[in-house]
Amino acid sequence: MEKHFAVIGNPIAHSLSPAMHQGGYREMGLEADYLRCEVEPHALPQAVQGLKALGFTGWNVTVPFKEQIIPWLDELTPEALRAGAVNTVKVMEDGRLLGHNTDGKGFVRSIQEELKPEKDMQVVILGAGGAAKGIAMALLPYQVKITLLNRTMERAQQLAELINSRGGRAVAEAWGPGEWLKSAQLIVQTTSLGLKKEKYSFSLEGISPETLVVDIIFNPWETPFLREARERGCRTLNGAGMLLYQGALAWEFWLGGQAPVAGMKKGLLEALPK
Ligand code: NDP
């Protein structure tokens, strides 16, 4: 029987998830479709009930619904509870709706080939929004040391407190260059600065070329921030890997087994604006 999946959000027109998942269906010869559904904010509960009533196997959730959807679900996985946000929903056999979050683990999987997080590793996260929180929570089990910088310092402080209250080690620092540039082993750029190819707020002068620098934006493929890091000799990754692996983990959550990562990657790359 054909399976149905979707991504809900607003706006959603530019989501690459359908192309990515359809690439996976092609590789596996799976009879399935994956729709892009724009949901009006006031209609979220109806959309959730509608997808369930129509027999969808599961769906992804994106901006602005990752937190708003929680009251409409029956249960959350530990990952969703830790992140306080849901990006994947599965309809269980008994009809209950299980909310999960694959963003943070997707990030960790996306850097594995370059760097494995380990105890005491110095990690700097730029930004303190939803993506920063998801990544920080997924790094908790590795006992890394996290420095958080955010334009609005209060938010960085709040996130640091949350991380520390859950057994992690985090400090907040002022938004701008500092000693952290020399000591960071991993820098993760999670702000939306660069989406419009705008210059970063500060220079990376003094960064160690040993640092792995990740910008979770993937469109543009290389933000000015990431270009500067590359030009200063650092290894760099954009956010396409995070998108791919959060999708692969969602696939595995819905269907079990191993996700067809090669097919999903092909679908994703073909759909990226050139
Ligand atoms: P949020 O709205 O939750 O957070 C936005 C963050 O960006 C805040 O830290 C905010 O700082 C900061 N910011 C915004 N504008 C500026 C600016 N002009 N200067 C400095 N900082 C700024 O968004 P998300 O965390 O959900 O998403 C952030 C980015 O991550 C987006 O670009 C999104 O596309 C990308 N993303 C990529 C994913 C992937 O799979 N690759 C997954 C999820 C997100 P302040 O608190 O001061 O406002």
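Residues numbered from 1 in each chain as written. Predicted model: local features only at pLDDT ≥ 70, side-chain atom pairs only at ≥ 80, totals over all residues. Heavy atoms only, no water.

### Observations regarding the packing of aromatic side chains
Reasoning step 1: On inspection of all chains with the given rule, the structure shows eight aromatic pairs.
Reasoning step 2: Seen in terms of ring centroids, Tyr 25 and Trp 251 are 5.5 Å apart; in terms of plane orientation they differ by 35 degrees. Their pairing is tilted. Of this pair, Tyr 25 sits in helix 1 (residues 17–28) while Trp 251 sits in helix 9 (residues 240–255), and the two are 226 residues apart along the sequence.
Reasoning step 3: For Trp 251, a relative accessible area of 3% gives the class buried.
Reasoning step 4: With centroids separated by 5.2 Å and ring planes inclined at 80 degrees, the aromatic side chains of Trp 175 and Phe 202 adopt a geometry described as edge-to-face. Of this pair, Trp 175 sits in the loop between strand 9 (169–173) and helix 7 (180–183) while Phe 202 sits in the loop between strand 10 (186–189) and strand 11 (212–215), and the two are 27 residues apart along the sequence.
Reasoning step 5: Among the aromatic residues, those joined into a ring-pair cluster are Trp 175, Trp 180, Tyr 200, Phe 202 and Phe 225.
Reasoning step 6: Seen from the ring of Phe 253, Lys 90 lies directly overhead, with NZ or CZ sitting 4.9 Å from the centre. (Phe/Tyr/Trp six-rings, centres within 6.5 Å; stacked < 30°, edge-to-face > 60°. Helix = DSSP H or I, 4+ residues; strand = E, 2+ residues; numbered from the N terminus. Buried < 20%, exposed > 50% of the residue type's maximum accessible area, 1.4 Å probe, protein only. Lys NZ or Arg CZ within 6 Å of the ring centre and 35° of its normal.)

### Side note on the nonpolar core
Reasoning step 1: In this structure, Phe 107, Val 123, Ile 146, Leu 148 and Ile 163 are the most contacted members of the largest nonpolar core, which totals 29 residues.
Reasoning step 2: At the level of elements, helix 4 (103–111), strand 7 (122–126), helix 5 (130–139), strand 8 (145–149), helix 6 (153–165), strand 10 and strand 11 are the ones that each hand at least two residues to this core.
Reasoning step 3: Setting aside residues no more than four positions away along its own chain, Leu 148 makes contact with Ile 125, Gly 127, Ala 156, Leu 159, Ala 160, Ile 163, Ala 170, Val 171, Ala 172 and Glu 173.
Reasoning step 4: With 21 residues, the next largest nonpolar core counts Leu 16, Ala 248, Ala 259 and Met 264 among its residues. (Core = buried A, V, L, I, M, F, W, Y, C linked by side-chain atoms within 4.5 Å. Contact = heavy atoms within 4.5 Å.)

### Description of the sheet that holds strand 12 (residues 235–237)
Reasoning step 1: Taken together, six strands build an open sheet; the order of strands is 9-8-7-10-11-12 and the sheet is parallel. Of all strands in the sheet, those bounded by a partner on one side alone are strand 9 and strand 12. Direction aside, the axes of adjacent strands within the sheet are offset by 20 degrees on average.
Reasoning step 2: Bridge analysis of strand 11 against strand 12 gives three bridges, and the strand direction is parallel. Each bridged residue has a counterpart across the sheet, and for Val 214 the counterpart in strand 12 is Leu 237.
Reasoning step 3: Contacts from helix 4 reach strand 10, strand 11 and strand 12 within the one sheet, and its direction differs from that of strand 11 by about 140 degrees. (Pairing = 2+ DSSP bridges. Axes fitted to C-alpha atoms, helices over the stretch in contact; angles between N-to-C directions.)

### Notes on the site of the ligand
Reasoning step 1: In the vicinity of the ligand lie 21 residues, with Ala 131, Asn 150, Thr 152, Arg 155 and Ile 216 positioned nearest.
Reasoning step 2: At 2.8 Å from a nitrogen atom of the ligand is found a main-chain nitrogen or oxygen belonging to Ile 216.
Reasoning step 3: Contact with the protein chains hides 75% of the accessible area of the ligand, taken as 930 Å² for the molecule alone.
Reasoning step 4: Judged by the fraction of its atoms near the pocket grid, the ligand is located in the largest pocket. (Near = heavy atom within 4 Å. Polar contact = N/O pair within 3.5 Å; in protein donor to acceptor, adjacent residues only side chain to side chain. Areas by Shrake-Rupley, 256 points an atom, 1.4 Å probe, with all protein chains shown as cover. 1 Å grid on protein atoms, 1.4 Å probe; cavity = no way out; pocket = protein on both sides within 12 Å on 5 of 7 lines; lining within 4 Å. Sits in = over half its atoms within 2 Å of the grid points.)

### Quick notes on the domain arrangement of the protein chain
Reasoning step 1: Here the protein chain is described as being made up of domain 1 (3–101 + 241–271) and domain 2 (104–238).
Reasoning step 2: Spacing between the C-alpha centres of domain 1 and domain 2 amounts to 26 Å.
Reasoning step 3: Counting from both sides, the interface comprises 16 residues of domain 1 and, opposite them, 15 residues of domain 2.
Reasoning step 4: For the pair domain 1 and domain 2, the two sides together bury roughly 1,300 Å², of which 62% comes from carbon and sulfur.
Reasoning step 5: Sorting the residues of domain 1 by area buried against domain 2 places Arg 82, Met 242 and Tyr 245 first, and these three jointly supply 46% of that buried surface.
Reasoning step 6: Viewed at the interface, domain 2 and domain 1 are joined by four residue pairs in polar contact (both at pLDDT 80 or more).
Reasoning step 7: Those elements that provide at least two residues to the side of domain 1 that touches domain 2 are helix 3 (78–83) and helix 9.
Reasoning step 8: If one sorts the elements of the side of domain 1 that touches domain 2 by residue count, helix 9 sits on top with eight residues. (Domains from an automatic or database assignment. Buried area = accessible area lost by both parts, 1.4 Å probe.)

### A closer look at unusual backbone geometry
Reasoning step 1: Each neighbour pair has its own omega, and for Asn 10 with Pro 11 the value is 5 degrees, a cis peptide bond.
Reasoning step 2: By secondary structure assignment, the location of Pro 11 is in the loop between strand 1 (3–9) and helix 1.
Reasoning step 3: In this structure, Pro 64 follows Val 63 across a cis peptide bond, with omega equal to 5 degrees.
Reasoning step 4: Considering the arrangement of structural elements, one finds Pro 64 in the loop between strand 3 (58–61) and strand 4 (75–76).
Reasoning step 5: At Gln 143, a residue that is not glycine, the phi angle is positive and equals roughly 55 degrees.
Reasoning step 6: Checked against the element boundaries, Gln 143 lands in the loop between helix 5 and strand 8.
Reasoning step 7: Owing to a relative accessible area of 44%, Gln 143 belongs among the partly exposed residues under this scheme.
Reasoning step 8: Backbone geometry at Lys 197 places phi at a positive 60 degrees, although glycine is not the residue there.
Reasoning step 9: Along the chain, Lys 197 falls in the loop between strand 10 and strand 11.

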